[in-house]
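For reference, the chains in residue letters:
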Amino acid sequence: MKRLIEFMKNKYVVLFILIGFMYQCIMLGIFLPTYAYVDNSIENLKVAIINHDDFSGKNVAASLADQLPCQVIESFSIEEALNELDKLKIALVIEIPQDFTENITTGHVPQVNYYQNQRLAAITETVVNQMTTTISQSLTSELRNQKCTAILVGAGISQDEAQALAQTIDEPIINNMVINDEIPAGMHNTMAPLFLNLAAYVFGLIGTAILTIALEEMKRKMSDEFLFFSEKFVALLTAVFLPAVGIGLLYLCGNAFTLAQIGGIWLTIALVAFISVQLVTILMGFIGQGGTFLAVIFLLIQIITGTGIIAREQMLSIFRIISYGSPLYYGINGIKCFMFGGADGWNFVAILALMAMGLVTLDGIILWVKGSRAKKHITEMHKEEQAEQQKLEANEA
């Protein structure tokens, strides 16, 4: 029993226990409040209503604007709205065609078009689907009652009986769903952008800790400058070949990509992996092994801010701000563009490349500052030794 107590008093055992509780607090403290906020954040989503009909369409557009629980934009043209949808700046586009009233009055079935983009974050897409279903059901019920009840009452049937019969009549409106950047069937396709980036980032966490041990062992044999460039070379070389694993597995799962898609996905994963290594290297350079601890916390935050699960508009304000500097945000959205469509894929790659260069530059500046301080310290020690030597010589004389 005494030996067990002695073992449990070891500082690393105590640290192990503390880390268990700390990660519970950190991880649950990040995820639970975020998901709790999602239900209250629907009002931050944007929906564009485009009405081309000057008669009944106006009433339908006004009714939709009142029903929708989010921000409604009615000033866009259809081209502007679809462009914003492609950039994921709005969640849904509803279009009322010019012949909406004409179809109603001539006995034809009117149509409403709904445009969605499947590159939306998973939870946001679910919310939009629910919203679309509610709208289409509401419109169907409203038009059925208005159109069919009027006809039946005109035929001499009472109001109550007419309303009951109206519910049995076929659909009075076509709710036309138009899906942009459609995701192929299979859950692996939905989750691939998130997991490809997570795998690359986790490599940086674990790999850098091991690489740091190698750097410490080689310090006696090699200069800091040589080790700096060697570390960058090894990290870049590994990052360049890493994407082959993920793309190969996707191919085995049945995915087929063009060369342009493969190039975009490959560069995105490689840059995320390289950025992860540089970020952990800098953090460990400042606070040692504790840097890995901070990097894990940042990873947990990025699972939220990467928009693989929740759209930026549905995040807590602090996470929304962090998302602008999150490598996973640009990595996840970049891979979504390359896999499913979207015009901003190469823009995301360019931002990741700038991040990588910025981190390498920052690491180089840190190395230079540390080297300058070390040289200054050695010079001061050398001067002190010379002064002591001169004193000894003077005393002997």
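What you are looking at is a predicted structure, and each value in this text was computed from that prediction instead of being measured. (Residues numbered from 1 in each chain as written. Predicted model: local features only at pLDDT ≥ 70, side-chain atom pairs only at ≥ 80, totals over all residues. Heavy atoms only, no water.)

Undergrad: In this structure, what is going on with the side chain of Thr101? I would like to understand it.
TA: Inspection of the secondary structure puts Thr101 in helix 5 (residues 100-105). In terms of polar contacts, Thr101 uses its side chain to reach the side chain of Asp53, at 2.5 Å. Once you skip the residues sitting within four places of it in the chain, Thr101 turns out to touch Asp53, Phe55, Ser56 and Gly57. (Helix = DSSP H or I, 4+ residues; strand = E, 2+ residues; numbered from the N terminus. Polar contact = N/O pair within 3.5 Å; in protein donor to acceptor, adjacent residues only side chain to side chain. Contact = heavy atoms within 4.5 Å.)

Undergrad: Is there a simple way to explain the pairing of strand 3 (residues 92-96) in this structure?
TA: In regular strands, side chains alternate between the two faces of the sheet. Along strand 3, five of the five residues are buried, which leaves the element largely enclosed by surrounding structure. The two faces of strand 3 match: Leu92, Ile94 and Ile96 on one face and Val93 and Glu95 on the other face are all buried. Sheet topology places strand 1 (residues 46-51) next to strand 3; five bridges connect them, and they run parallel. Directly across from Ile50, in strand 3, lies its bridge partner Glu95. (Buried < 20%, exposed > 50% of the residue type's maximum accessible area, 1.4 Å probe, protein only. Pairing = 2+ DSSP bridges.)

Undergrad: I keep staring at the environment of Phe338 and nothing clicks. Help me out?
TA: The topology assignment puts Phe338 in helix 14 (residues 327-340). Overall, Phe338 belongs to the buried group, its relative accessible area being 9%. Taking the C-alpha atoms as reference, Phe338 lies 8.9 Å from Gly263; in sequence the two are 75 residues apart.

Undergrad: For this particular structure, what's the right way to read the pairing of strand 4 (residues 111-117)?
TA: Strand 4 sits mainly inside the fold: six of its seven residues count as buried. Summarising the sheet, strand 4 and strand 5 (residues 174-180) pair through seven bridges and their orientation is parallel. Following the sheet pairing, Gln116 is matched in strand 5 by Ile179.

Undergrad: So what exactly am I meant to see when it comes to the packing of helix 8 (residues 187-218) against helix 9 (residues 224-241) here?
TA: For any two helices packed against each other, one specifies the inter-axial angle together with the distance between the axes. Remark: helix 8 packs on helix 9, axes separated minimally by 11 Å, with the N-to-C direction vectors making an angle of 150°. Put simply, helix 8 runs roughly antiparallel to helix 9. Where helix 8 crosses over helix 9, the two elements pack in a sense that is right-handed. Only Leu227, Glu231 and Thr238 of helix 9 make contact with helix 8, whose side of the interface consists of Phe203, Leu211, Leu215 and Met218. In terms of residue class, the contact of helix 8 with helix 9 is built from five nonpolar, one polar and one charged. (Axes fitted to C-alpha atoms, helices over the stretch in contact; angles between N-to-C directions. Parallel < 35°, antiparallel > 145°, perpendicular 65-115°, else oblique. Left-handed = near helix turned anticlockwise from the far one by under 90°. Nonpolar A, V, L, I, M, F, W, Y, C, P; charged D, E, K, R; others polar.)

Undergrad: I'm lost on the packing of aromatic side chains in this one. Help?
TA: Each aromatic ring pair is described using two quantities: the centre-to-centre distance and the angle formed by the ring planes. Going through the model one piece at a time under the given rule, you end up with five aromatic pairs. Ring geometry for Tyr329 against Tyr330: centres 5.0 Å apart, planes inclined by 90°, an arrangement best described as edge-to-face. Each member of the pair, Tyr329 together with Tyr330, is buried. For the ring pair Tyr329 and Phe348, a centre distance of 6.4 Å and an interplane angle of 90° mean the geometry is edge-to-face. Taken together, the residues span a long stretch of sequence, with Tyr329 in helix 14 and Phe348 in helix 15 (residues 345-396) at a distance of 19 residues. Taken individually, Tyr329 and Phe348 each receive the classification buried, so the pair is uniform in this respect. These aromatic residues form a ring-pair network of at least three members: Tyr329, Tyr330 and Phe348. (Phe/Tyr/Trp six-rings, centres within 6.5 Å; stacked < 30°, edge-to-face > 60°.)

Undergrad: Where do I start with helix 14 in this structure?
TA: For an α-helix, the turn length of 3.6 residues means that residues three or four places apart are oriented alike. Taking 1.5 Å per residue, 14 residues should reach 20 Å; helix 14 reaches 20 Å between its end C-alpha atoms and fits that length. Gly341 occupies a position one or two residues after helix 14 and carries a positive phi of about 115°. (Expected span 1.5 Å × (residues − 1).)

Undergrad: Can you help me understand the sheet that holds strand 2 (residues 71-73) in this one?
TA: Hydrogen bonds between backbone atoms are what pair the strands of a sheet, whose relative direction is either parallel or antiparallel. Strand order in this open sheet of five strands is 2-1-3-4-5, and the pairing throughout is mixed. Looking at the sheet topology across the chains shown, the edges are occupied by strand 2 and strand 5. Averaged over neighbouring strand pairs, the angle between their axes works out to 20° when direction is ignored. Packing of helix 3 (residues 56-67) onto the sheet brings it into contact with strand 1, strand 2 and strand 3, and relative to strand 1 it is tilted by some 170°. Its contacts with the sheet place helix 4 (residues 78-86) against strand 1, strand 3, strand 4 and strand 5, and it is angled at close to 30° to strand 4.

Undergrad: Sorry, what's going on with helix 8 here?
TA: When the terminal C-alpha atoms of helix 8 are compared, their 45 Å separation across 32 residues agrees well with the 46 Å that a helix rising 1.5 Å per residue should span. Of all the bends in helix 8, the greatest, near 45°, is centred on Pro193. (Bend = angle between axes of the 7 residues up to and from the residue.)

Undergrad: Got a minute to help me understand unusual backbone geometry in this structure?
TA: A negative phi holds for most residues other than glycine; trans holds for most peptide bonds. Phi at Asp181 takes a positive value of approximately 50°, unusual for a residue other than glycine. For Asp181, the location among the structural elements is in the loop between strand 5 and helix 8. Note on Asp181: relative accessible area 16%, which makes it buried. In the Ramachandran plot, Thr307 falls in the positive-phi region, its phi being about 65° despite a non-glycine side chain. Judged by relative accessible area, Thr307 falls into the buried class, the value being 6%.

Undergrad: For this particular structure, what's the right way to read the pattern of salt bridges?
TA: If charged atoms from side chains of opposite charge come close, those side chains can pair. The final tally for this structure, using the stated rule, is five salt bridges. With a closest N to O distance of 2.5 Å, Glu231 and Lys232 form a salt bridge. You can call Glu231 buried: its relative accessible area is 4%. Exposure remark for Lys232: the relative accessible area of 9% places this residue in the buried category. (Salt bridge = Lys/Arg side-chain N within 4 Å of Asp/Glu carboxyl O.)

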